[in-house]
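So the chains spell out like this:
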Amino acid sequence: MNLNFLFDSGLLGLEYAMLALGVYITFRILNIPDLTVDGSFTFGLSVSAVFSAAGHPFLGLLMALLAGAVAGCVTGLLQTRWGIHPILAGILTMSGLYTINITVMGSPNISLINSNKFFTFLESALTKDGARYLTVGIIVLLCVGLLALFFKTSLGLCIRATGNNEAMVRASSINPNFTKMVALALSNGLVALSGGVLAQCQGYADINSGSGMIVIGLASVIIGEVFFGRRSILLCLISAVVGSVVYRIIIALALQLDLFDANALKLISAVIVAITLAVPAFKTRFSNWKTRREAGRRA
């Protein structure tokens, strides 16, 4: 394993870190399985690519963030106002975004090879990869810092309380529908920002880039929790970022060692998530079996 391998994998992990942060908000804080992610990721990717191709890379990132937030609001409205099940609401929004994404790009893909990117201004002082690493790292740090501060505010605490006990929040005269809307908008805004960053870093945007993003996000969150557990909100956010980087290193290492074919990436990711999510159930069953065994011995 050489340094370039770790460098490239770490950079790709940072580019997907905002995706992991967004998935963490809905999956762990809000306790809602939001399938909007696949569509909002591509939405941010396509919006960022269009603005970057027009010569406005920084505006592209901002508009990608806002576009994802709007997509999250649509899912929130379907859930809270129309009473649609969270999973179905996410699927509906994701399906509708496919047409919107093609309309935004005007074609199934866009090339950004000769366009300015958000890190271009640093290429005169650093290498291209160095400029990408620095700028993406700054974006990730800002996201983690701002999220940590936000979830300590009254609104952030209300969102966390909604995920823990919605009935208690409602009894406290707090509108849980509003907190869900804010959380979904924030989550999908971060996911779309990740797509926007990825589009400019890789130099192109494709309509199918968002396929399987929810699995990648879940894998990153769960792998991060292996290292840090589930403690303070700051550590949880950091663990999501670390999980994203570690996930990319694991996948790249497996490909480099020819452990499996590149076409099996999504299958391997799904297996990792399924096994990790099943661990608590296995622990409970093992604990119950151990208890029954000890009770049998005493009898």
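Residues numbered from 1 in each chain as written. Predicted model: local features only at pLDDT ≥ 70, side-chain atom pairs only at ≥ 80, totals over all residues. Heavy atoms only, no water.

- Named according to an unreviewed UniProt entry, the protein chain is ABC transporter permease originating from Candidatus Egerieicola pullicola.
- Per UniProt, the protein chain carries the Subcellular location (unreviewed entry) text "Cell membrane". (UniProt positions renumbered as here; feature names shortened; annotations may be inferred.)

## So, the overall build of the protein chain
Point 1. Looking only at helices and strands, the protein chain features 12 helices and two strands.
Point 2. Taken from N to C terminus, the helices and strands of the protein chain fall in the order α-α-α-α-α-β-α-α-α-α-β-α-α-α.
Point 3. Over its C-alpha atoms the protein chain spans a radius of gyration of 20 Å, differing by no more than 12% from the 19 Å that the globule rule assigns to 299 residues.
Point 4. Principal-axis analysis of the C-alpha atoms gives the protein chain an extent of 75 × 50 × 35 Å.
Point 5. Per-residue burial over the protein chain gives 48% buried out of 299 residues.
Point 6. Partitioning the intrachain contacts of the protein chain with sequence separation of at least 6 by distance along the chain shows that 78% fall at a separation of at least 24.
Point 7. Accessible surface, the protein chain: about 14500 Å² in total, of which carbon and sulfur atoms supply 65%.
Point 8. The protein chain carries 20 positive and 12 negative side-chain charges, and their two centres are separated by 16 Å. (Helix = DSSP H or I, 4+ residues; strand = E, 2+ residues; numbered from the N terminus. Rg over C-alpha atoms; globule rule 2.2 N^0.38 Å. Buried < 20%, exposed > 50% of the residue type's maximum accessible area, 1.4 Å probe, protein only. Contact = heavy atoms within 4.5 Å. Areas by Shrake-Rupley, 256 points an atom, 1.4 Å probe, with all protein chains shown as cover. Lys, Arg positive; Asp, Glu negative; His and termini not counted. Charge placed at Lys NZ, Arg CZ, Asp CG, Glu CD.)

## Let's talk about the packing of helix α3 (residues 37–53) against helix α9 (residues 176–202)
Helix packing for two helices is described by the angle between their axes and how far apart those axes are.
Point 1. As a packed pair, α3 and α9 sit with axes 7 Å apart at the nearest point and diverge in direction by 45°. With respect to their mutual orientation, α3 and α9 come out oblique. Remark: the crossing between α3 and α9 carries right-handed chirality. Across the interface between the two elements, Val 37, Ser 40, Phe 41, Gly 44, Leu 45, Ser 48 and Ser 52 from α3 touch Asn 188, Val 191, Ala 192, Ser 194, Gly 195, Gly 196, Leu 198, Ala 199, Gln 200 and Gln 202 from α9. (Axes fitted to C-alpha atoms, helices over the stretch in contact; angles between N-to-C directions. Parallel < 35°, antiparallel > 145°, perpendicular 65-115°, else oblique. Left-handed = near helix turned anticlockwise from the far one by under 90°.)

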